[in-house]
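For reference, the chains in residue letters:
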Amino acid sequence: MTRTIPAARRRTVLGAALLASAALGVGLLSGCSAGQITQTDTQVAAVPGVSANSTDGLIALRDGAVAYSNEYKPGSVVPIEVRLFNNAKQSVKLTGVTSAAGTVVLVGGAMPAAAAPAPTSAAPSPSSASPSAPRSGSGSPSAPASASASKLPAAPPTPAPVGTAKMAVEIPVGGFVALSQSTKTYLAVEKLSGDVLMAGGALADVKFTFTYADGTTTELTLGELPMTVPLSPLPKPSSVVGHEGE
């Protein structure tokens, strides 16, 4: 004997099943969404460089890095690249950068005017100079002063300054400046001190000083300023593998 289920009951059972499926689907979607947000929240952006904020939180440094090189030997120039953002309500200037690795200068910016050379006293005219009396005796005459001076070694030329440590890079309100070799204005350690800075290394204790329009200052300190990655990929190792026993 076949038992027939009323149509109204069938509709009720079908509706309950659809509601249960929808609730299960929403639960699964919310679970996946929560996991995805948690993962992306802890991911680090794949951009070379370091990011930090000033002590008052109004100046932001982004993508700070040392320009890539296989090595920087002591005494060499080490370029530094940064982007600086001004989130304050007044303009601000980058007025100084220091590092334990050496003097940091601004390259490509306004250089200080060179001091004018001190005026020299005019040489006496031949008419005013009194002739000296000839010496008597059989002694040999002394060598001219110009000849003796020409025997002295020439002084080594003074190297031209790489940049200036006196800087005033203005950052407008709500704006930013990019200091990099591509913009022709950048920061650099004028003469690296200490050991060789190898690829993958970092500069230690780099401090930035900013001065606002009202005269107040703030600082931003980086414990380490890492070196960026090379622009072109490194060569791949050979795929030829030797076989054992050969």
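Residues numbered from 1 in each chain as written. Predicted model: local features only at pLDDT ≥ 70, side-chain atom pairs only at ≥ 80, totals over all residues. Heavy atoms only, no water.

Peer 1: Before we go on, may I ask you to explain the overall build of the protein chain in this structure?
Peer 2: Each helix and strand in the protein chain was counted, giving two helices and 12 strands. For the protein chain, the sequential pattern of α-helices and β-strands runs α-β-β-β-β-β-β-α-β-β-β-β-β-β. Burial status across the protein chain gives 22% buried among its 246 residues. Of the contacts made within the protein chain by residues no fewer than 6 positions apart, 73% connect residues no fewer than 24 positions apart. On the protein chain, roughly 17,700 Å² of surface is accessible, and the fraction owed to carbon and sulfur atoms is 60%. (Helix = DSSP H or I, 4+ residues; strand = E, 2+ residues; numbered from the N terminus. Buried < 20%, exposed > 50% of the residue type's maximum accessible area, 1.4 Å probe, protein only. Contact = heavy atoms within 4.5 Å. Areas by Shrake-Rupley, 256 points an atom, 1.4 Å probe, with all protein chains shown as cover.)

Peer 1: How should I be thinking about the side chain of threonine 218 in this particular structure?
Peer 2: As for its placement among the helices and strands, threonine 218 is situated in strand 12 (residues 217-226). Only 2.9 Å separates the side chain of threonine 218 from the side chain of threonine 55, close enough to count as a polar contact. When neighbours within four sequence positions are excluded, threonine 218 is seen to be in contact with Ser54, Thr55, Asp56, Ile59, Phe208, Thr209, Phe210 and Tyr212. (Polar contact = N/O pair within 3.5 Å; in protein donor to acceptor, adjacent residues only side chain to side chain.)

Peer 1: What exactly am I supposed to notice about the pattern of salt bridges here?
Peer 2: If charged atoms from side chains of opposite charge come close, those side chains can pair. On inspection of all chains with the given rule, the structure shows one salt bridge. Ionic pairing is found between aspartate 63 and arginine 83, a salt bridge with its closest N-O pair at 2.6 Å. Highlighted residues: aspartate 63 in strand 2 (residues 59-66) and arginine 83 in strand 4 (residues 78-86), separated in sequence by 20 residues. (Salt bridge = Lys/Arg side-chain N within 4 Å of Asp/Glu carboxyl O.)

Peer 1: Please clarify how the pairing of strand 5 (residues 92-99) should be interpreted in this entry.
Peer 2: Side-chain direction in a regular strand flips from residue to residue, so the side chains alternate between the two faces of the sheet. As defined by bridge partners, strand 5 adjoins strand 7 (residues 169-171) across three bridges and the pair is classed as antiparallel. Paired with leucine 94 across the strands is valine 169, a residue of strand 7. Two elements, strand 5 and strand 11 (residues 202-212), share seven bridges in a ladder whose sense is antiparallel. Bridge pairing in strand 11 places leucine 94 opposite phenylalanine 210. (Pairing = 2+ DSSP bridges.)

Peer 1: Looking at this structure, how should I read the environment of alanine 65?
Peer 2: As for its placement among the helices and strands, alanine 65 is situated in strand 2. Judged by relative accessible area, which is 6%, alanine 65 ranks as buried. Sequence-wise, alanine 65 and threonine 228 are 163 residues apart; in three dimensions their C-alpha atoms are separated by 5.6 Å.

Peer 1: Would you explain the nonpolar core in this entry?
Peer 2: One recurring pattern in soluble globular proteins: nonpolar side chains tend to sit buried together. Among the nonpolar cores identified, the biggest contains 35 residues, and Leu84, Leu94, Leu187, Leu203, Phe208 and Phe210 are the most heavily contacted of them. Looking at this core element by element, the count peaks at five residues for strand 11. (Core = buried A, V, L, I, M, F, W, Y, C linked by side-chain atoms within 4.5 Å.)

Peer 1: Help me out: how do you make sense of unusual backbone geometry in this one?
Peer 2: One non-glycine residue, aspartate 63, lies in positive phi territory at about 55°. One non-glycine residue, aspartate 205, adopts positive backbone phi at about 55°. Following the sequence through the fold, aspartate 205 ends up in strand 11.

Peer 1: Where do I start with the environment of glutamate 219 in this structure?
Peer 2: Residue position: glutamate 219 is located in strand 12. Along the sequence, glutamate 219 and threonine 55 sit 164 residues apart, while their C-alpha atoms lie 5.9 Å from each other.

Peer 1: Teacher, can you tell me more about the packing of aromatic side chains here?
Peer 2: Pairs of aromatic rings are described using the distance from one ring centre to the other and the angle between the two planes. This structure, assessed with the given rule, holds one aromatic pair. Seen from their ring centres, phenylalanine 85 and phenylalanine 176 are 5.0 Å apart, and the 20° between their planes marks the pair as stacked. Separated by 91 residues along the polypeptide, phenylalanine 85 in strand 4 and phenylalanine 176 in strand 8 (residues 176-179) bring together distant segments of the chain. Judged by its relative accessible area of 43%, phenylalanine 176 falls in the partly exposed class. (Phe/Tyr/Trp six-rings, centres within 6.5 Å; stacked < 30°, edge-to-face > 60°.)

Peer 1: Looking at this model, I keep getting lost on the environment of threonine 183. Mind explaining?
Peer 2: Turning to its location among the elements, threonine 183 is positioned in the loop between strand 8 and strand 9 (186-189). Linking threonine 183 and glycine 108, residues 75 residues apart in sequence, is a C-alpha distance of 9.1 Å. Within the local environment of threonine 183, its side chain forms a polar contact with the backbone oxygen of alanine 178, the two atoms lying 3.2 Å apart.

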